[in-house]
Amino acid sequence: MTSKEPQRTKIAEFIGYHRHGSGETLDQELEKIEKDGVRQPFQRVRRVLLHGLVGQRKPSNAENVVMTGCAFIGMPVQMHACFKLLDSLGGDYTYLRDIEYCCAWPSVESWDGAEGDRAMAASREFMEKNLVQAREKHGKNMLHFCQWCAYLGKWHFPTSDVKQMYYLDVVVDRIKGRTLKVKPTVIAYYEGCHRRQQHITPGIELDWEAYRRILDSVEGLQVVDLPTRVCCTGGAS
């Protein structure tokens, strides 16, 4: 699958990806990913963060291969929490130590028509590079920390021998039958625009209801649901 349905709105017009260090043209964006793995030259930052977060404790080969996506760029604390959660739930995992290629979601979402199709084709090529590395590590599952990587992975490789998964699917499976408890705490839950992928990967779904139910199962936790139709403007900031 390499094409996408036409967009009714040009996402780039109001998200403004080009203001965040990406190229002015699709060729420039894809060239950066081909060269550095990401749209910004941050692979060294990624390696340093991963060494600090998980160090050399993880085996070179494992059943689960974690794909950090772009989380290391702006969300290192959240990425640390993801690793801690996997550690506490048990099971083996490893990650791509040297280079991990961006899924190119911002490019796919920004460009329409022939350029959009070309961005989608490039996305598949980049993600296949990650898939090859996962196979070399004897991986059976690729656990994506980024939901956009998960959507595109499922779209590009629906019958792959290495299963494309959102990491919360593993969490949902491993907490079954467990009692989770915290000190009395009130949190807000904001789903945001995590379902806006239908114009790009129609028919591909993540189980957001199941992820939300995880919170309801935690003793001592009160969850306040925030309106999902109110944009956080994160992409435009």
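Going by the structure above, here's the rest.
**Side note on the overall build of the protein chain**
1) Next: A tally of helices and strands in the protein chain yields 10 helices and six strands.
2) Next: Burial analysis of the protein chain (237 residues in total) assigns 46% to the buried set.
3) Next: Taking as baseline every contact in the protein chain between residues at least 6 positions apart, the subset at least 24 positions apart corresponds to 78%.
4) Next: As displayed, the protein chain offers around 12400 Å² of accessible surface, 54% of which is attributable to carbon and sulfur atoms.

**Regarding the sheet that holds strand β3 (residues 141-144)**
1) Next: If you walk across this open sheet you meet the four strands as β2-β1-β3-β4, and the pairing is parallel. Each of the sheet's edge strands pairs with one partner strand only, and the pair in question is β2 (94-95) and β4 (163-166).
2) Next: Sheet analysis places strand β1 (residues 64-67) next to β2, joined by two bridges and oriented parallel. Residue pairing for β2: V66 is matched across the bridge by Y95.
3) Next: Helix α9 (residues 167-174) rests against β1, β3 and β4 of the sheet, and its axis sits at about 80 degrees to β4.

**Notes on the pairing of β1**
Looking along a regular strand, one sees side chains alternate from face to face of the sheet.
1) Next: What you see with β1 is no split at all: N64 and V66 on one side and V65 and M67 on the other are buried throughout.
2) Next: Sheet topology note: the β1/β3 ladder contains four bridges and is parallel. Counted as the bridge partner of V65 is M142 from β3.

**Observations concerning α9**
1) Next: Of the residues making up α9, those classed as buried are Y167, L168, V170 and V171. Along the long axis of α9, the arc covered by the buried residues comes to 150 degrees, so they all point the same way.

**Looking at helix α8 (residues 147-156)**
1) Next: In terms of burial, α8 is largely enclosed, as nine of its 10 residues are buried.
2) Next: Buried within α8 are the following residues: Q147, W148, C149, A150, Y151, L152, G153, W155 and H156.
3) Next: For α8, the elements touching its buried residues are α6 (105-110), α7 (113-136), β3, β4 and α10 (208-216).

**Re the environment of E109**
1) Next: Of note, E109 is situated in helix α6.
2) Next: Among the residues examined, E109 registers a relative accessible area of 0% and is labelled buried.
3) Next: C-alpha separation for the pair E109 and I200, spaced 91 residues apart in sequence, amounts to 7.4 Å.

**Concerning the packing of aromatic side chains**
1) Next: Following the criterion strictly, the structure yields 10 aromatic pairs and no others.
2) Next: The ring of Y95 is capped by R97, whose NZ or CZ atom sits 4.8 Å from the centre of that ring.
3) Next: The ring centre of Y189 lies 5.4 Å from the NZ or CZ of R212, which sits over that ring.

**Quick notes on the side chain of H156**
1) Next: Within the fold, H156 resides in helix α8.
2) Next: Side-chain polar atoms of H156 contact the side chain of S123, separated by 2.9 Å.
3) Next: Of the polar contacts made by the side chain of H156, one reaches the backbone nitrogen of R124; its length is 3.5 Å.

**Some thoughts on unusual backbone geometry**
1) Next: Of note in this structure, A104 is not a glycine but carries a positive phi near 65 degrees.
2) Next: By the element assignment, A104 lies in the loop between β2 and α6.
3) Next: For A104, a relative accessible area of 0% translates into the label buried.
4) Next: Not every positive phi belongs to a glycine, and H138 is a case in point at roughly 60 degrees.
5) Next: The exposed category is assigned to H138, whose relative accessible area is 56%.

Each value, and the rule that gives it
- In this convention, every chain numbers its residues from 1, walking through the sequence in written order.
- Thresholds applied to this predicted model are a pLDDT of at least 70 for local features of residues and 80 or more for the giving and counting of side-chain atom pairs; totals over whole chains, interfaces and linings are not thresholded and use all residues.
- Side-chain figures throughout are based on the complete set of non-hydrogen atoms in the structure, without hydrogens or water.
- The helix count covers DSSP runs of H or I at least four residues long, the strand count covers runs of E at least two residues long, and both are numbered beginning at the N terminus.
- Only protein chains enter the calculation, and the probe is 1.4 Å; a residue is then buried if its accessible area is under 20% of its type maximum, exposed if over 50%, and partly exposed in between.
- What makes two residues a contact is simply this: any of their non-hydrogen atoms within 4.5 Å.
- Surface accessibility follows the Shrake-Rupley procedure with a 1.4 Å probe radius. Residue values consider only the protein chains on display as shielding.
- Between any two strands, at least two bridges found by DSSP are needed for them to pair.
- Between N-to-C directions, angles cover 0 to 180 degrees, with each direction set by a line fitted to C-alpha atoms, over the stretch in contact for helices.
- Our arc is simply the arc of the directions from the helix axis toward the C-beta atoms.
- Within 6.5 Å between ring centres, the rings of Phe, Tyr and Trp (the latter by its six-membered ring) count as paired, and their orientation is classed by plane angle as stacked under 30 degrees, edge-to-face over 60, tilted in between.
- Working rule: Lys NZ or Arg CZ, within 6 Å of ring centre, within 35 degrees of ring normal, means a charge sits over the ring.
- Contacts described as polar in this section are N or O atom pairs within 3.5 Å, which, within protein, must combine one atom able to donate a hydrogen with one able to accept it, while residues neighboring in sequence count only if both atoms come from side chains.

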